[in-house]
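Read off the chains here:
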Amino acid sequence: MASGMRGVTGRTSACASASAARGGGQAKGLGLGLGLEQRQGVHVHALKSGTHQAGGVHVVHRKRGGERGGGVSVSRRASASDDYAGNYGESWKDSVVTQDEIQSWKANNGPATPLLDTVNYPVHIKNFNGKQLKQLAKEVRSEVINSVSNSGGHLGSSLGVVELTVALHHVFNTPEDKIIFDVGHQAYPHKILTGRRGEMATIRKSGGLSGFTNRSESEYDPFGAGHSSTSISAGLGMAVGRDIKGRKNNVISVIGDGAITGGMAYEAMNNAGYLDSNMIIILNDNKQVSLPTQYNGGGQDPVGGLSNTLARIQANKPLRELREIAKDVTRGLPGPIPDLTAKIDEYARGMISGSGSTLFEELGLYYIGPVDGHNLDELTTILKEVKNTDSIGPVLIHIMTEKGSGYLPAMEASDKMHGVSSYDVTTGKQNKPATKTMSYTNYFADSLIAEAERDSRIIGIHAAMGGGTGLNRFEKRFEERTFDVGIAEQHAVTFAAGLATEGLIPMCAIYSTFLQRGYDQIVHDVALQNLPVRFALDRAGLVGADGATHCGAFDVAYLACVPNMVVMAPSNEAELCHMVATSIAIDDRPSAFRFPRGNGIGVDMQALGVASNYKGTPLEVGKGVVRREGTDVALVGYGQSVNACLAAAEMLSEHNISVTVVDARFCKPLDTQLIRRLAKEHGAMITVEEGSVGGFGSHVLQFLSLEGLLDDGKLKVRPMCLPDRFIEHGSPAEQIAEAGLSASQVASTVLSVLGRSRDSLEVLQPGMKRIS
């Protein structure tokens, strides 16, 4: 899988998405609840089949699942084609890449793209007519499908915004006009149209294109992304900066219904409404808030997804300019006069009701929508109207899209082929290599299930990442004990703290990189009150193709400095199961354990004390274990770096160096007794970890210094950790080598410390000829 991004998005996701949706009926979650009132006389647009008229209201019956249904359930859709016909009539067929067309690609070395071949930059599509724009969209979609089938990457989200991307670049004057894509994993069509088509084969590879938008990659990427819910804040900053400089360019923020569940998006909209600076927010509503939306055979509704029953409001230039005149006249006047002008505006747009306007209007944004996000004529018309209207203030355009649009395998997949490896372009079947072990994610999930079978108090919590964190596996067994809170890490942490006060056992499963977003809550709401919340940090360390935005570099440093927190890391899948059990057993303080992306290393689980159902055994807190005894040098590894230490010890044995290898297990509390013994019995100590400066090695050095174990100069210490810079996307092996943490680099460091410079170089370059 390319990424577990929401926001992907996605966080992909969603993220992912943030950009992918969660189960209303399967996992307990939060809904925005926008536009759900069935108002007498109000025409509420339904973009799905299974609707009927009742009492003057066009009512949508949405399946809510289980006892939380509330309303009439409709059966799950028969197929993606049926769903599209219900949403968009017959026009959707124009965008679908047919099997016959795909078959022709094999003979022609890829899709025929005569119109796209004339486009190097957005300026080249300015004069395209409507027919040409539709053809261009079809060719861009084909290019994305074919390209990603070879490279892997984020497919579904990119396919969902093809028409929107074409319309934006046709209407606006990029790069002078700024388009900010939230999360950024939907930006493949944008990259193709902005001079990077020839490099798409390198995407997410070392030295190649980023899988997200990246300021250093192109002037058409005004803001880098990877995490969700940032686009409106960044766009507002750019709009205010533009105004201060007296410029007139447009600023457009594109955000998904997954990313908009993040609280930061609401903070930004609230501020945008107050500042009243001109900017455009495009809400891409694809009913995909978590990753994946449909799973475990359920028919989940999106958690936090915007309702499809919001009234359609036409973009009306005279009305909006009249509205601005009214705002200018009444701004600052007291009492009922501004209220009266607001009511006139609501009447004019057909939104008058007892409870007032939509949430977006209450925040101070002018709302237009919903709009068919795959109808290029409608998109370009509305975008031109908004661009050309002489008005003041933020505008939100609500568009409805389908993730995976136009590629039937993606449209029918449970995750809409959000993040994929290379695949057969005809069937969509991914080329995933067979593995002898499960992913660390699945070992974690199955171990947690084993614990939950024994203790009904255990609760699983994730932030729109049920697939990425493995909690969808947990939910399949314990539906009522799984909570998906949307892309809301801050809320997830404090929600878990509240559960802990009630004597429950919350396991908060969040990627290392995403838990950064909930740091104040970890400190203030959990650790300060010493509440036993458990944190399972997936994707710790380097993460390969997802690159710097998703690298879990900082969790050891930012968690181990917090009072009361227990911090641990497993060296293999058996240790992970034991640490799940350990965290469950720790009931007097918070605890956290990190584990990497990828698969287990293939240890004998039974021999290492793990039951057949992956039930682990609690470890003694604060105690490490010696994996190999030696006399010359001590290699103290933390987490998966222990395996590099063991391999390095084998290399060093060929150089007649006796090495002790320690699996530290715990960064906090540190096994000070073991560290003290190692310091006294060895002439050199090397700590090795896949984390930033300030992590495990810093805690070891702090202890050695305070204990005076460095005072006599007999012990040489070298901490090996990630360098003080961001490491971009590449293969795991390439990233480890760039970070200087491979087994040969560990061995080289030992030889260098011992003054054997020639041997130090030779171990890095095994073929180097020795000169006697």
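About the cut-offs
Residues numbered from 1 in each chain as written. Predicted model: local features only at pLDDT ≥ 70, side-chain atom pairs only at ≥ 80, totals over all residues. Heavy atoms only, no water. Helix = DSSP H or I, 4+ residues; strand = E, 2+ residues; numbered from the N terminus. Buried < 20%, exposed > 50% of the residue type's maximum accessible area, 1.4 Å probe, protein only. Areas by Shrake-Rupley, 256 points an atom, 1.4 Å probe, with all protein chains shown as cover. Pairing = 2+ DSSP bridges. Axes fitted to C-alpha atoms, helices over the stretch in contact; angles between N-to-C directions. Contact = heavy atoms within 4.5 Å. Parallel < 35°, antiparallel > 145°, perpendicular 65-115°, else oblique. Left-handed = near helix turned anticlockwise from the far one by under 90°. Nonpolar A, V, L, I, M, F, W, Y, C, P; charged D, E, K, R; others polar. Right-handed = clockwise from strand over helix to strand, strands pointing away. Polar contact = N/O pair within 3.5 Å; in protein donor to acceptor, adjacent residues only side chain to side chain. Salt bridge = Lys/Arg side-chain N within 4 Å of Asp/Glu carboxyl O. Phe/Tyr/Trp six-rings, centres within 6.5 Å; stacked < 30°, edge-to-face > 60°. pLDDT = per-residue confidence, 0-100. Core = buried A, V, L, I, M, F, W, Y, C linked by side-chain atoms within 4.5 Å. Arc of directions from axis to C-beta.

Colleague: What am I meant to see in the overall build of the chain here?
Modeller: Helix and strand counts for the chain come out as 27 helices and 21 strands. Sorting the 772 residues of the chain into buried and exposed places 59% on the buried side. Looking at the chain as shown, the accessible area adds up to about 29,400 Å², and 51% of this sits on carbon and sulfur atoms.

Colleague: Sorry, what's going on with the sheet that holds strand S14 (residues 566-568) here?
Modeller: In a beta sheet, neighbouring strands pair by backbone hydrogen bonds and run either parallel or antiparallel. Spatially, the seven strands line up as an open sheet ordered S11-S10-S12-S13-S15-S14-S19, and their pairing is mixed. Because the sheet does not close on itself, it has two edges, and the strands there are strand S11 (482-484) and strand S19 (666-668). Here the strands of the sheet are splayed against their neighbours by 20 degrees on average, with no regard to which way each runs. The sheet contact formed by strand S10 (residues 458-462) and strand S12 (residues 505-511) spans four bridges and is parallel. For Ile459, the partnering residue across the bridge sits in S12 and is Pro506. Lying over the sheet, helix H17 (residues 489-501) contacts S10, S11, S12 and strand S13 (534-538), oriented at roughly 165 degrees with respect to S12.

Colleague: I tried to follow the sheet that holds strand S16 (residues 625-628) on my own but got confused; where do I start?
Modeller: Taking strand neighbours across the sheet as the criterion, the five strands line up as S16-S18-S17-S20-S21 in an open arrangement whose pairing is mixed. Of all strands in the sheet, those with a lone pairing partner are S16 and strand S21 (716-720), marking the two edges. Taken pair by pair, the neighbouring strands of this sheet meet at an average axis angle of 20 degrees, ignoring direction. Lying on the sheet, helix H24 (residues 696-706) is in contact with strand S17 (633-637), strand S20 (684-688) and S21; it crosses S20 at an angle near 145 degrees. Against the sheet, helix H26 (residues 743-753) touches S17, S20 and S21, its axis set at about 155 degrees to S21.

Colleague: For this particular structure, what's the right way to read the packing of helix H3 (residues 130-151) against helix H6 (residues 188-196)?
Modeller: The relative placement of two packed helices is expressed as an angle between their axes plus a distance between the axes. For the pair H3 and H6, interaxial distance at closest approach is 10 Å and the crossing angle is 110 degrees. Between H3 and H6, the crossing angle belongs to the class labelled roughly perpendicular. Note on element contacts: H6 touches H3 through Tyr188, Pro189, Ile192 and Leu193, opposite Leu136, Val140, Glu143, Val144 and Val148.

Colleague: Where do I start with the packing of H3 against helix H12 (residues 376-388) in this structure?
Modeller: Running from amino to carboxyl end, H3 crosses H12 at an angle of 115 degrees, the nearest separation of the two axes being 10 Å. For the crossing formed where H3 meets H12, the hand is right-handed. Taken together, the residues of H12 that come into contact with H3 (itself represented by Gly130, Leu133, Lys134 and Ala137) are Leu376, Asp377 and Thr380. The class makeup of the residues in the contact of H3 with H12 is three nonpolar, two polar and two charged.

Colleague: Even after reading the chapter, I still don't get the pairing of strand S7 (residues 366-372), so can you show me in this structure?
Modeller: The two faces of a sheet get side chains in turn, since along a regular strand they alternate between them. Of all seven residues making up S7, seven are buried, and the element is well covered by its neighbours. Sheet analysis places S7 next to strand S8 (residues 394-400), joined by five bridges and oriented parallel. By the bridge assignment for S8, Tyr366 is matched with Val395. Chirality of the crossover, the property in question, places the unit of S7, H12 and S8 among those that are right-handed.

Colleague: How do you make sense of the side chain of Lys191 when you look at a structure like this?
Modeller: By the element assignment, Lys191 lies in helix H6. Setting aside chain neighbours within four positions, we find Lys191 in contact with Arg196, Arg197, Met200, Ile203, Ser210, Phe212, Glu217 and Asp221.

Colleague: How should the side chain of Thr582 be read in this particular structure?
Modeller: Position of Thr582 among the secondary structure elements: in helix H21 (residues 573-585). The class of Thr582 is buried, set by a relative accessible area of 1%. A polar contact of 2.7 Å, which involves the side chain of Thr582, links it to the backbone oxygen of His578. In this structure Thr582 touches Met568, Thr617, Pro618, Leu619 and Val621, once residues within four positions along its chain are discounted.

Colleague: Quick question: what am I supposed to make of the pattern of salt bridges here?
Modeller: Charged atoms that come close allow side chains of opposite charge to pair. All told, the structure shown has 28 salt bridges when counted by the stated rule. Taking the shortest distance from any N to any O, the salt bridge between Glu453 and Arg477 comes out at 2.8 Å. Of the two residues, Glu453 sits in helix H14 (residues 440-454) while Arg477 sits in helix H16 (residues 471-477), which places them 24 residues apart along the sequence. The partly exposed category is assigned to Glu453, whose relative accessible area is 44%. The partly exposed category is assigned to Arg477, whose relative accessible area is 43%. A salt bridge links Arg589 to Asp588; the shortest N-O distance between them is 3.2 Å. Asp588 sits in the partly exposed class, given a relative accessible area of 43%. A network of salt bridges, in which partner residues are shared, links Lys191, Arg196, Glu217 and Asp221.

Colleague: Help me understand H6, please; the structure alone is not making it clear to me.
Modeller: Since the α-helix packs 3.6 residues into each turn, any two residues three or four apart lie on the same face. Judged by how many residues are buried, H6 sits mostly within the fold: eight of nine residues are covered. Residues Tyr188, Pro189, His190, Lys191, Ile192, Leu193, Thr194 and Arg196 constitute the buried set of H6. Where H6 is buried, its residues meet H3, strand S3 (153-154), helix H4 (156-160), helix H5 (162-171) and strand S4 (178-181).

Colleague: Can you walk me through the packing of aromatic side chains in this structure?
Modeller: In this description, an aromatic ring pair is defined by two values, namely the gap between the centres and the angle between the planes. One pass over the structure, following the stated rule, counts 13 aromatic pairs. Considering the side-chain rings of Phe483 and Phe495, the 5.4 Å spacing of their centres and the 65 degrees angle between planes classify their relative orientation as edge-to-face. Within this pair, whereas Phe483 is found in strand S11, its partner Phe495 is found in helix H17, the two being separated by 12 residues in sequence. By relative accessible area, which is 24% here, Phe495 ends up partly exposed. With a centroid separation of 6.2 Å and an interplanar angle of 25 degrees, the aromatic rings of Phe593 and Phe595 are classed as stacked. Here Phe593 falls in the buried class, since its relative accessible area comes to 1%.

Colleague: Would you take a moment to explain the environment of Pro766 for this structure?
Modeller: Summarising the element assignment, Pro766 is placed in the segment after helix H27 (757-764). Residue Pro766 is classed as exposed on the basis of its relative accessible area, which comes to 68%.

Colleague: Where do I start with unusual backbone geometry in this structure?
Modeller: Negative phi characterises most residues that are not glycine, and trans characterises most peptide bonds. Of note, the amide linkage connecting Gly369 to Pro370 takes the cis form, showing an omega dihedral of -5 degrees. Within the secondary structure, Pro370 sits in strand S7. Along the chain, Lys668 connects to Pro669 via a cis peptide bond; the corresponding omega equals -5 degrees. When you line up the elements, Pro669 lands in the loop between S19 and helix H23 (672-681). Phi is positive for Tyr614, which is not a glycine, with a value near 70 degrees. Following the sequence through the fold, Tyr614 ends up in the loop between strand S15 (591-594) and S16. When its relative accessible area of 24% is taken as the criterion, Tyr614 is described as partly exposed.

Colleague: So what exactly am I meant to see when it comes to the confidence of the model for the chain here?
Modeller: For the chain, per-residue confidence averages 83 on the pLDDT scale, and 78% of positions sit at 70 or higher. Every residue in residues 1-78 is under pLDDT 50, and counting partners more than four places away or in other chains gives 311 contacts. The model gives residues 303-320 a pLDDT under 50, and that stretch makes 82 contacts with residues more than four places away or in other chains.

Colleague: Explain the nonpolar core here, please?
Modeller: For soluble globular proteins, the rule of thumb is that nonpolar side chains tend to be buried together. Residues Leu136, Leu155, Leu168, Ile282, Ile397 and Tyr407 are the most contacted members of the largest nonpolar core, which totals 55 residues. Counting residues per element, this core draws most heavily on H3, which supplies seven residues. Every residue in contact with Leu168, bar those within four places of it in the chain, is listed here: Ile179, Ile252, Val254, Ile282 and Leu383. Judged by nonpolar contacts, the second largest core, of 53 residues, contains Ala497, Phe535, Tyr558 and Met685.

Colleague: Just to check I follow, could you spell out helix H25 (residues 732-739) for this structure?
Modeller: When we look at burial in H25, the residues that qualify are Gln735, Ile736 and Ala739. Taken end-on, H25 shows its buried residues confined to a sector of 100 degrees, consistent with a single buried face. Close packing links the buried residues of H25 with H26. Once H25 finishes, Gly740 follows within two positions and takes phi at roughly 80 degrees, a positive value.

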